[in-house]
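One-letter residues, chain by chain:
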Amino acid sequence: MCGIVGYIGKKGAYNILIKGLKRLEYRGYDSAGVAMINSNGALNVYKTKGKVCELENYVKDKDITGNIGIAHTRWATHGEPSSQNAHPHYSESRNLAIIHNGIIENYADLKKKLQEKGVHFRSDTDTEVLVQLIEYIQLQKKLDLLTAVQYALREVIGAYAIALLDKTNPNQIIAARKQSPLVVGIGKDEFFLGSDASPIVEYTDKVVYLEDGAIAVMRLGEELKIVNILNHKMDTPVQTIDINLGQIEKGGFPHFMLKEIFEQPECITNCMRGRVNTSANNVTLSAVIDYKKQLVNAKRFIIVACGTSWHAGLIGKQILESLCRKPVDVEYASEFRYRNPVLTKDDVVIAISQSGETADTLAAVNMAKEKGAFIYGICNAIGSSIPRSTDTGSYIHVGPEIGVASTKAFTGQVTVLTMLALALANVMGTIEEKKYLEIVKELSLIPDKMKEVLNLNDKIESLSRAFTYAHNFLYLGRGFSYPVALEGALKLKEISYIHAEGYPAAEMKHGPIALIDSDMPVVVVATHNALYEKVISNIQEIKARNARVIALVTKGDKTISKIADQVIELPATIECLEPLLSTIPLQLLAYHIAVCKGKNVDQPRNLAKSVTVE
Ligand code: F6R
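The structure displayed is predicted, hence computed values, not measured ones.

Moving on to the nonpolar core. Within the largest apolar cluster, 92 residues are counted, with the highest numbers of intra-cluster contacts made by Ile-350, Tyr-376, Met-419, Leu-422, Leu-443, Phe-473 and Tyr-475. Counting residues per element, this core draws most heavily on helix α15 (residues 408-428), at 12 residues. Lining this core are residues from two domains, each supplying at least three of them: domain 2 (250-450) and domain 3 (457-596). In contact with Phe-473, other than residues within four places in its own chain, are Phe-467, Leu-492, Ile-498, His-499, Ala-500, Glu-501, Met-520, Pro-521, Val-523, Ile-550 and Ile-593. Leu-96, Val-119, Leu-146 and Val-217 belong to the second largest nonpolar core, which has 28 residues in total.

The next thing to look at is the domain arrangement of the chain. Domain parsing of the chain yields domain 1 (3-247), domain 2 (250-450) and domain 3 (457-596). Here the C-alpha centre of domain 3 lies 47 Å away from the C-alpha centre of domain 1.

As a further point, take the pairing of strand β19 (residues 347-353). Of all 7 residues in β19, 7 are buried; the element is thus mostly enclosed. Of the two faces of β19, the one lined by Asp-347, Val-349, Ala-351 and Ser-353 and the one lined by Val-348, Ile-350 and Ile-352 are each fully buried. Pairing analysis gives 5 bridges linking strand β17 (residues 300-305) to β19, with the strands arranged parallel. Within the sheet, the bridge partner assigned to Val-304 lies in β19 and is Ala-351. Sheet topology places β19 next to strand β20 (residues 374-379); 6 bridges connect them, and they run parallel. Looking at β20, one finds that Ile-350 is bridged to Tyr-376. With helix α13 (residues 359-370) bridging β19 and its parallel neighbour β20, the resulting β-α-β unit is right-handed.

Thresholds applied
Residues numbered from 1 in each chain as written. Predicted model: local features only at pLDDT ≥ 70, side-chain atom pairs only at ≥ 80, totals over all residues. Heavy atoms only, no water. Core = buried A, V, L, I, M, F, W, Y, C linked by side-chain atoms within 4.5 Å. Buried < 20%, exposed > 50% of the residue type's maximum accessible area, 1.4 Å probe, protein only. Helix = DSSP H or I, 4+ residues; strand = E, 2+ residues; numbered from the N terminus. Domains from an automatic or database assignment. Contact = heavy atoms within 4.5 Å. Pairing = 2+ DSSP bridges. Right-handed = clockwise from strand over helix to strand, strands pointing away.

Listed below in structure tokens is the structure:
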């Protein structure tokens, strides 16, 4: 996720900005940049693709003087990672420079209107549209910068945290936020700005967390002014913070994995933004609009992926088959690429990858492309190799995942697959209107239901203690819950090093039941769906062999609580959306067991975040 730093005061801005960017590196980024106004009034912008140290190398022979500046680390959302698309962005006259976190949803419309008025663009970003809009309004209406920002933000749909420098007014920084955090630090004759407090705490413990809709004006020699877009004053308290830097980077969580598990409601909201329209009750994916013919005419879908992404693919298969009535195969990319599979130009290959760099998935994509298949990517890392090799696709927009064990990417992938199935089924007419509306509505409620599930964290933490010394675990589920069982088992083995297997519950009696005894805890996803009664029989078979059962049930279940040893109650939802909720307790269970065992949760042994080798 992008990072913002700003400084205005008596000190040299550059070192503070660079240090601040380094403090924000943990958020993940693909490019970095700074803008400073020097004592002669020149507004200098320097930016590079890559790491902050590459930016430092780049500016070695440049003018980096000035007591006011803004800086940014970018995680690409619109336009590939490049120095051109990196922030800050100049306005047309180069009088203004902006940095921005978030997504401007109506950027395409705004850009078109500005281009028609003769404004020229230098990048592919939504951010540049914002700075151009501000300047256009400023010049057209002859307004000061604050008023122009207020006018421009009234036209913007989306989420943002922004900071602006104005060459013609070199003693002020203007910052604004909506749905994306921004913190102002107040020092003696100086102000600091950060997308969180980590670039600030080193200099001052007095901070203002800007509220949604706030615009902050930081002027040298004046008090901090905070107004809204209608220019009404906002009274936001100055707070004294007492936190260490390590805590802030992880947002107060002890590990990135836990932070990322807890981010899921927000991530899924971001993933659905601009796609699931709750007022019109529909789902739109630009890929389904732009490539309708290829998708509608596909004879078959083949999902290729590895690990957790493959588990998301298994859920995608069930939802695509049930809503779109097309055959779907799910393949391990590593097997598929070496199998000389039968592929035709009527096949659509869906490649799922968080990193977008997994070597096997990339090779499978390239092989399928050579055989003439149409390729659809579902990735997180913008501009990574897989989305660059595909014909089209949909990003999951869950922000960088730092913990090695994939959590929020999984629910993001399942959400995109669900939106794809809904959008496609709707255009193909394979779903009844009533069912379509019901799933769309329920999908929009999932982030709130995820929050309810996260409230179970304390309970899961305390029950996990009893399972720390188990050597084996079995995870069972049926239908949509079977891939959830696989994912739960993978999470546990990755980070706690306990051997765990996932099975379709009914397969138990074909072999694994031989393993069951009092030393084998069994996790059963037993939510109230079509196969509920059958899963109850499985639980009884397990209990008859003295194993301890942890059951995930739908809230209000009275039957399973009488049989299982531990019951975790989940909010009710439509069956195809259950994985979005039932995966979370399994992520938490694996996390807490691994923490109890003293394991390195964020960087488990032998594992890499991005598997770029075979
Ligand atoms: C599991 C995990 C791995 C990845 C797999 C694919 O927690 O992280 O199993 O899911 O290596 O990675 P991507 O999705 O980046 O292709």
